[in-house]
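Single-letter residue listing:
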Amino acid sequence: MMKKRLLFSEGGMRIVNFLFFLSLLFRNSGVVFFSYTLWAVYLACCIRRASSKAAQVAYTVLLAFAAGMILLNFYYMVQSNMV
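Scope of this entry: the structure provided in the associated data block. From a predicted model like this one, the values you see are computed outputs, not experimental measurements. (Residues numbered from 1 in each chain as written. Predicted model: local features only at pLDDT ≥ 70, side-chain atom pairs only at ≥ 80, totals over all residues. Heavy atoms only, no water.)

Here we look at the overall build of the chain
Rules: Only runs of H or I of at least four residues qualify as helices and only runs of E of at least two qualify as strands under DSSP, and these elements are numbered from the N terminus. Relative accessibility decides the category of a residue: with a 1.4 Å probe and only protein chains considered, values under 20% of the type maximum give buried, values over 50% give exposed, and everything between is partly exposed. When checking whether two residues touch, look at their non-hydrogen atoms; a contact exists if any pair is within 4.5 Å. In this description, accessible areas are obtained by the Shrake-Rupley approach with a 1.4 Å probe, and a residue is regarded as covered only by the protein chains that are shown.
Helix and strand counts for the chain come out as four helices and zero strands. Ordered by position from N to C terminus, the α and β elements of the chain give α-α-α-α. Here the chain holds 83 residues, and the buried ones make up 24% of them. By sequence separation, contacts in the chain at least 24 residues apart represent 47% of the contacts at least 6 residues apart. When the accessible surface of the chain is split by element, carbon and sulfur atoms take 69% of a total near 6,200 Å².

Okay, here's the thing in structure tokens:
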């Protein structure tokens, strides 16, 4: 319960934004996966809490984008390690 409250607070969003900033500084690290995963968890919780169908659709589209970015970054990370 406390973790959910932290994630939806202003401080929680600061943490997510800071992780995205760290992923820019430390390329080819696991920070990008962690930040997108945390964002995906946030979006999944938002889908459950959304009161309107339009908000649920918007959060679902963003969740699909986050999942695509996780897969894309994983692919490039694997490719760069193989070379």
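Examining the environment of W39
Relative to the helices and strands, W39 resides in helix α3 (residues 31-49). Filtering out sequence-adjacent residues up to four positions away, W39 remains in contact with V16, F20, L62, F65 and A66.

Details of the packing of aromatic side chains
Cut-off, in case you're wondering: A pair of Phe, Tyr and Trp rings is counted when the ring centres sit within 6.5 Å of each other, with Trp represented by its six-membered ring. The angle between the planes then sorts it: under 30 degrees is stacked, over 60 is edge-to-face, the rest tilted.
Summed over the entire model, instances satisfying the criterion amount to six aromatic pairs. Between the aromatic rings of F33 and F74, the centroid separation amounts to 6.2 Å while the plane-to-plane angle is 70°, which identifies the pairing as edge-to-face. You can see F33 sitting in helix α3 and its partner F74 sitting in helix α4 (residues 53-82), a full 41 residues away along the chain. Taking 6.4 Å as the distance between ring centres and 80° as the angle between the ring planes, the aromatic pair formed by W39 and F65 counts as edge-to-face. Taken together, the residues span a long stretch of sequence, with W39 in helix α3 and F65 in helix α4 at a distance of 26 residues. Taken together, F20, Y36, W39 and F65 form an aromatic cluster joined through their ring pairs.

Description of the nonpolar core
The nonpolar side chains of soluble globular proteins are, as a tendency, buried together. Which entries qualify depends on this criterion: For the purposes of this section, nonpolar cores are sets of buried Ala, Val, Leu, Ile, Met, Phe, Trp, Tyr and Cys residues that join through side-chain atoms within 4.5 Å.
Core analysis: the biggest nonpolar cluster contains 10 residues, these being V16, V32, F33, Y36, W39, A40, Y42, L43, C46 and A66. The element best represented in this core is α3, accounting for eight residues.

Points about the packing of helix α2 (residues 10-25) against α3
Put simply, the rule reads: All axes here are fitted lines through C-alpha atoms, helices being fitted over the stretch that makes contact, and every angle between N-to-C directions spans 0 to 180 degrees. The labels follow the angle: roughly parallel below 35 degrees, roughly antiparallel above 145, roughly perpendicular from 65 to 115, and oblique for the rest. Note on convention: near helix rotated counterclockwise from far helix by under a right angle means a left-handed crossing. Clockwise means right-handed. Each residue gets one of three labels, nonpolar for Ala, Val, Leu, Ile, Met, Phe, Trp, Tyr, Cys and Pro, charged for Asp, Glu, Lys and Arg, and polar for the others, Gly among them.
Here α2 crosses α3 at 150°, and the two axes come no closer than 8 Å. If you check the angle between α2 and α3, you find them roughly antiparallel. Crossing of α2 over α3 shows left-handed handedness. Seen from α2, the contacting residues are M13, V16, L19, F20, L22 and S23; seen from α3, they are V31, V32, F34, S35, Y36, L38, W39 and Y42. Its residues placed into classes, the contact of α2 with α3 shows 12 nonpolar, two polar and no charged.

Focus: the side chain of S35
Convention followed: N or O atoms within 3.5 Å of each other form a polar contact, as long as, within protein, one can give a hydrogen and the other can take it, and as long as residues adjacent in sequence are counted only when both atoms are side-chain atoms.
Here S35 is to be found in helix α3. Engagement of the side chain of S35 in a polar contact is seen with the backbone oxygen of V32, the distance being 3.0 Å. If we ignore the near neighbours within four places in the chain, the residues touching S35 are L19, F20 and S23.

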